[in-house]
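Take a look at the letters that make up each chain.
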Amino acid sequence: MKSSEIRKLYLDYFASKGHTIVPGSGLVPFDDPTLLFTSAGMVQFKKLWAMGGKLPYSRAATCQKCIRAGGKDSDIDKIGITGRHHTFFEMLGNFSFGDYFKKEAVEWAYEFSVQHLKVREKLIWVSYYEKDAEAKDIWKKFLPDKRIIPLPAKDNFWGPAGDTGPCGPCTELYVDFGEEKGCGKKDCMPGCECGRFLEFWNLVFPQYDKQKDGSLADLKRRGVDTGMGLERITRILQKTPSNYETDLFAPIIKEIEKISGCGYEKEPDKKPLFRITADHIRAAVFLIDGNILPSNEGRGYVLRRILRRAGMTGSNLGVQEPFLCLLSETAVNIMQDVYPSLKEHKELIKRVILEEEEKYRSLLSSAGKNFNDFTAGIKNNVVPGETAFKLYDTYGIPKDLLEDLALDSGLAVDWEEFDKLLEKQKKLSRFSTSIGFKKKTLFENPPLSETLFTGYKTTEGEGIVKALYSGDKDEKLYLVLDKTPFYPEKGGQAGDRGIIENGEIKFSVSDTQIDEKGLIYHLGKLTEGKPAQLEGGEVRINASVDAEYRKQVSINHTSTHLLHYALREVFGKEIRQAGSSVSNERLRFDFVCFSQLNSEDIRKAEDIVQEKIFEDSPVAVEEMSLDEAVERGAIALFMEKYGEKVRIIRTGGYHTEVCGGTHMSRTGEAALFRITGFSSIGQNLKRIEAVTYKEALKFLNGYRAVVEDIARKLDTDAGKIPERVDKMLSENERKSKLIEKYENRLAAETAGEIAAGKESFKINGDTFYFAGGLVKIENNEAASMISDDVSSKIGEGIVFIGNEADGRVSLILKVSKGCKDKFPAVKLMKEISAIVEGQGGGSPVFARGSGKNPGNFGKAADKIRQIIQEESDDEKQ
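All figures in this text were calculated on a predicted structure; none of them were measured in a lab.

Okay, the overall build of the protein chain next. Assigned secondary structure in the protein chain consists of 24 helices and 35 strands. For the protein chain, the spread of C-alpha atoms along the principal axes amounts to about 115 × 75 × 50 Å. Of all 877 residues assigned to the protein chain, the portion counted as buried reaches 51%. Sequence-distant contacts, at least 24 apart, represent 66% of the contacts inside the protein chain between residues at least 6 apart. Accessible surface computed for the protein chain: about 40,700 Å², of which carbon and sulfur atoms make up 47%. Side chains of the protein chain carry 128 positive and 135 negative charges; the gap between the two charge centres is 2 Å.

Quick look at the structure:
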């Protein structure tokens, strides 16, 4: 059975059991700061177990893309060693939210495995949490006791996916590959790591909600959360030795054989290298498709480490040129039918990987030099962990390469200290949330369920007070209602401001935030009334968003869509949004672009946006499935989490995006659009900042004020400023040439005077000269000309020139080749710069310095004379 058939069969089966088929979420968890990546199918459903209220569905099934790398769930160190672990994998899952529980979950798992997947019943073993007698009794209906194995909590109590959230006991299904694949022990059973048993389906029964303090609270809805690894079940059904021989990996393995010239089966000692490379290229492809780019922090850092590790394994296979970019095409071809965005972003993925490979290969060439520089003079032949970590983190040298370099140099590495620093760095790379405050509960009116947002169609509405908190580090209050028109900060859009009030209290809202459970917090302070007046089960209150603030934010949000469109028009479809920030005052748009941008390109994009504003195009909102939206050409950021239905923002007939933010109804509402800044914030990563509406008018008025001020100072009309400036520049150039001519003449005369006062001395019978003098010239270049002129006039010897300006003295010291060994300029400069209360440096023939005491220049010159005298033939005689 092909892997594509297994996916479809699974979803069709659970659809027949009344499950809603929900699209998998992105690899970046939406509004969940506890996770670096989506690591399980249940991540997008966490709040459905924890919260009360009406649900969109009580049964769901998904095929979820998962990454386990760079967090507490990381499997990256196991890749290549086992044949069953991956950084990227697909998890098939069925879920119940307060609907069916253990009985149905177990019965359907058995039925699907045996009757639909045709896994032989005699090969199936199961484990269960040793205290969960209910699960054991259900399994006894299908399997003999000897194949139902109790295991402790570390093996069969699952979760949460992050630091907090749903968790509970679980039961796991295994396939038995036979005693000949095992360790030979009589008590070998599921839980043994020998390889005889392969766990392929985990049935978790979420009953608890783990809190930040580690305590377990009962879930509002107990349920079912299952996960079947597609790669593992495909291995079982295709009867391959490991996951890497299945149709999900085999084409990649063959391509690596073709590129490297090595044999996967013929050279078994190299199998781990093949597997690491094949695994990592899949992860890299999906991360880039998910809008994650290589960087030195957070998720981008994980992607960079994955690509570099794959590059190292390629080098160990003898591949000396960039090749991962070629493998990416194979990975895309395998998966693009299931994930169409891969096909759309195929060239972008390939290009990002190629650039990262080239950068890394350049790094490898310098790695040895950096290692040698940092380990020179190492004591006890042990590289300190701090030094190794700096080479790893700052210079990007992988741990395995550090080991090789150390081994070649006969050194050991303090890996214990290194690992401590690495763990610290991992913690810093985790993301925090603006609503992740340590709150003090003033009161709660349960049940607390996901706040209903009503603000797409109105900016006013009535809600019931559900909770009030205070922050531990500020004086703000955090008010929660059952429903609200206030849009919370997300997707780059700033949270709403406004007023919440009734006849007794008035609450001023300065910001609005949302947490991972869907609770919307209104941040602000009471300007009338007391907190106690908000307490009570049915306190109704009117919520009113600042309409002008919302309008300005919405205008800026739609304008980012217009800018996105304009950039794609100017530079092509390679433009890809990498982030945005939208407030009432300005907008910021970050994007990936491989082309070189100039001011003319930016002006073109600005003109296109302004043209679309003048067209006054309608901005329409529709709802549909994500698949339908993508088919219609809508641009979707796959780092966002999309539900069964998504909002489509259609601007005119020319641009469509999937977006959950608020928008203007017609583009003309923006009135004006002006780009205020353009910068590069990373390799191929650009940023544009802009203003619209009233802020754009302020921006233009600011420029007008500057122009008027310049015109007044130049005593001319604004329109004649360019002509006047050109005339001034021409006049300035003419004067500069006159000044330069005068300075050159003065320099020549001064040089002649200094050279005429030269003093002779002999070294080993040869005659040399010393000439020096203090000048006062504003142009330091002229002082350099004097030193050169004096040197040419005296021939062999030492020239010492000082230039006094602005209360300081600049020093120039030139020593001819004939006496540089006896009187190196750099050594002389260090002696004399201290005399003028300064410092300097240089080479044996030329040195510069400066000091804050020009009055001591004569003493400095005398010091040189003294040094010369001590070394001259006359003194030695």
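Having seen the structure, we can now continue with the description.
Enumeration over the complete set of coordinates arrives at 37 aromatic pairs. When the centroid spacing of 5.3 Å and the interplanar angle of 90° are considered together, the rings of Phe-286 and Tyr-339 count as edge-to-face. Taken together, the residues span a long stretch of sequence, with Phe-286 in helix 8 (residues 271-289) and Tyr-339 in the loop between helix 10 (324-335) and helix 11 (341-344) at a distance of 53 residues. For the pair formed by Phe-286 and Tyr-339, the shared burial category is buried. Ring geometry for Phe-699 versus Tyr-703: centroids 5.0 Å apart, planes at 70°, classification edge-to-face. Placement of the pair is Phe-699 and Tyr-703 together in helix 19 (residues 693-714), with a separation of four residues, close to one helical turn. Classification of Tyr-703 as exposed rests on a relative accessible area of 51%.

Throughout the structure, instances matching the rule amount to three cavities of 30 Å³ or more. Here the second largest cavity defines a volume of roughly 80 Å³. Breaking the lining of the second largest cavity down by element, the ones donating at least two residues are helix 9 (298-316) and helix 12 (346-375). At five residues, the largest contribution of residues to the lining of the second largest cavity is made by helix 12. Split into classes, the residues belonging to the lining of the second largest cavity amount to four nonpolar, two polar and four charged.

Quick look at the confidence of the model for the protein chain now. Taken over all residues, the pLDDT of the protein chain has a mean of 89, while the share at 70 or more is 94%. For the stretch residues 429-435, pLDDT sits under 50, and the model shows 20 contacts to residues farther than four places along the chain or on other chains.

Turning next to the pairing of strand 34 (residues 838-842). When strand 34 meets strand 35 (residues 846-851), the two strands line up antiparallel, connected through five bridges. Its bridge partner being in strand 35, Gly-838 is matched across the sheet by Gly-851. Hairpin connection from strand 34 to strand 35: three residues lie between these consecutive antiparallel strands.

Spatially, 25-26-27 is the arrangement adopted by the three strands of the open sheet, whose pairing is antiparallel. Looking at strand neighbours, the two that pair on one side only are strand 25 (619-624) and strand 27 (655-658), the edges of this open sheet. Taken pair by pair, the neighbouring strands of this sheet meet at an average axis angle of 25°, ignoring direction. Pairing geometry for strand 25 and strand 26 (residues 646-651), over six bridges, is antiparallel. Each bridged residue has a counterpart across the sheet, and for Val-621 the counterpart in strand 26 is Ile-649. Contacts between helix 16 (residues 547-571) and the sheet are confined to strand 25, strand 26 and strand 27, with strand 27 contributing the most and set at about 120° to the helix.

In this section: the pattern of salt bridges. The tally for this structure, following the rule as stated, stands at 46 salt bridges. A salt bridge links Glu-107 to Lys-103; the nearest nitrogen and oxygen atoms lie 3.0 Å apart. Taken together, the residues Glu-107 and Lys-103, both in helix 3 (residues 102-116) and four residues apart, mark about one turn of the helix. Its salt-bridge partner being Asp-590, residue Arg-588 comes within 3.5 Å of it at the nearest N-O pair. Residue classification places Asp-590 among the buried positions, given a relative accessible area of 7%. What you see here is one network of salt bridges that share partners, running through Glu-622, Glu-628, Arg-632 and Arg-650.

With that settled, consider the sheet that holds strand 24 (residues 587-592). Read from one edge to the other, the open sheet built from four strands follows the order 23-24-29-28, with strand pairing classed as antiparallel. Across the chains shown, the open sheet's two edge strands, defined by having one partner strand only, are strand 23 (576-582) and strand 28 (673-682). Adjacent strand axes in the sheet meet at a mean angle of 20°, parallel and antiparallel pairs treated alike. Sitting on the sheet, helix 17 (residues 599-615) is in contact with strand 28 and strand 29 (685-692), with an inclination near 140° to strand 28.

Among the structural elements, Asp-279 can be located in helix 8. Arg-282 provides the closest opposite charge to the buried, salt-bridge-free Asp-279, at an N-O distance of 5.8 Å. Once residues within four sequence positions are removed from consideration, Asp-279 is found in contact with Ile-79, His-85, His-86, Thr-87, Phe-88, Tyr-244 and Phe-249.

Here the focus is the pairing of strand 26. Across the six residues that make up strand 26, a large majority, five, are buried. Summarising the sheet, strand 26 and strand 27 pair through four bridges and their orientation is antiparallel. Within the sheet, the bridge partner assigned to Ile-649 lies in strand 27 and is Glu-657. Counted between consecutive antiparallel strands, the loop separating strand 26 from strand 27 contains three residues, among which Gly-652 sits at a positive phi close to 55°.

A few words on the nonpolar core. Core analysis: the biggest nonpolar cluster contains 91 residues, and Trp-139, Trp-201, Met-228, Ile-233 and Ile-353 have the highest contact counts within it. Among the elements that make up this core, the one with the highest residue count is helix 8 (eleven residues). Excluding its chain neighbours within four sequence positions, the residues that come into contact with Met-228 are Tyr-10, Glu-90, Met-91, Leu-92, Phe-112, Leu-117, Phe-200, Trp-201 and Ile-233. Formed by 25 residues, the second largest nonpolar core is a distinct cluster that contains Ile-555, Leu-567, Ile-608 and Ala-670.

What follows covers the packing of helix 19 against helix 20 (residues 721-756). Look at helix 19 against helix 20: their axes get within 11 Å of each other, and the N-to-C directions meet at 50°. Overall, the two elements helix 19 and helix 20 adopt an arrangement that is oblique. The handedness of the crossing between helix 19 and helix 20 comes out as left-handed. Across the interface between the two elements, Val-707, Ile-710, Ala-711 and Leu-714 of helix 19 pack against Ile-721, Arg-724, Val-725 and Met-728 of helix 20. Residue composition of the contact of helix 19 with helix 20, by class: seven nonpolar, no polar and one charged.

In this model, helix 20 (36 residues) spans 51 Å end to end at C-alpha, consistent with the 52 Å of a helix rising 1.5 Å per residue. Taken as a whole, helix 20 has its buried residues at Ile-721, Glu-743, Ala-747, Thr-750, Ala-751, Ile-754 and Ala-755. Residues of helix 20 that are buried make contact with helix 19, strand 31 (766-775), helix 21 (780-794) and strand 32 (797-805).

What follows concerns the environment of Cys-593. Within the secondary structure layout, Cys-593 lies in the loop between strand 24 and helix 17. Note on Cys-593: relative accessible area 0%, which makes it buried. Separated by 245 residues in the primary sequence, Cys-593 and Leu-348 place their C-alpha atoms 9.6 Å from one another. Not counting residues up to four positions away in its chain, the partners in contact with Cys-593 are Phe-571, Glu-574, Ile-575, Asn-684 and Lys-686.

Tracing the sequence through the fold places Pro-150 in strand 5 (residues 148-151). Of the residues examined, Pro-150 reaches a relative accessible area of 43% and is grouped as partly exposed. Residues Pro-150 and Ser-127, spaced 23 residues apart in sequence, show a C-alpha to C-alpha distance of 5.6 Å. Those residues in contact with Pro-150 that lie beyond four places of it in its chain are Tyr-128 and Glu-130.

Rules of the game
- Residues numbered from 1 in each chain as written.
- Predicted model: local features only at pLDDT ≥ 70, side-chain atom pairs only at ≥ 80, totals over all residues.
- Heavy atoms only, no water.
- Helix = DSSP H or I, 4+ residues; strand = E, 2+ residues; numbered from the N terminus.
- Buried < 20%, exposed > 50% of the residue type's maximum accessible area, 1.4 Å probe, protein only.
- Contact = heavy atoms within 4.5 Å.
- Areas by Shrake-Rupley, 256 points an atom, 1.4 Å probe, with all protein chains shown as cover.
- Lys, Arg positive; Asp, Glu negative; His and termini not counted.
- Charge placed at Lys NZ, Arg CZ, Asp CG, Glu CD.
- Phe/Tyr/Trp six-rings, centres within 6.5 Å; stacked < 30°, edge-to-face > 60°.
- 1 Å grid on protein atoms, 1.4 Å probe; cavity = no way out; pocket = protein on both sides within 12 Å on 5 of 7 lines; lining within 4 Å.
- Points joined across faces, edges and corners; volume = space filled by probe spheres on them.
- Nonpolar A, V, L, I, M, F, W, Y, C, P; charged D, E, K, R; others polar.
- pLDDT = per-residue confidence, 0-100.
- Pairing = 2+ DSSP bridges.
- Axes fitted to C-alpha atoms, helices over the stretch in contact; angles between N-to-C directions.
- Salt bridge = Lys/Arg side-chain N within 4 Å of Asp/Glu carboxyl O.
- Core = buried A, V, L, I, M, F, W, Y, C linked by side-chain atoms within 4.5 Å.
- Parallel < 35°, antiparallel > 145°, perpendicular 65-115°, else oblique.
- Left-handed = near helix turned anticlockwise from the far one by under 90°.
- Expected span 1.5 Å × (residues − 1).

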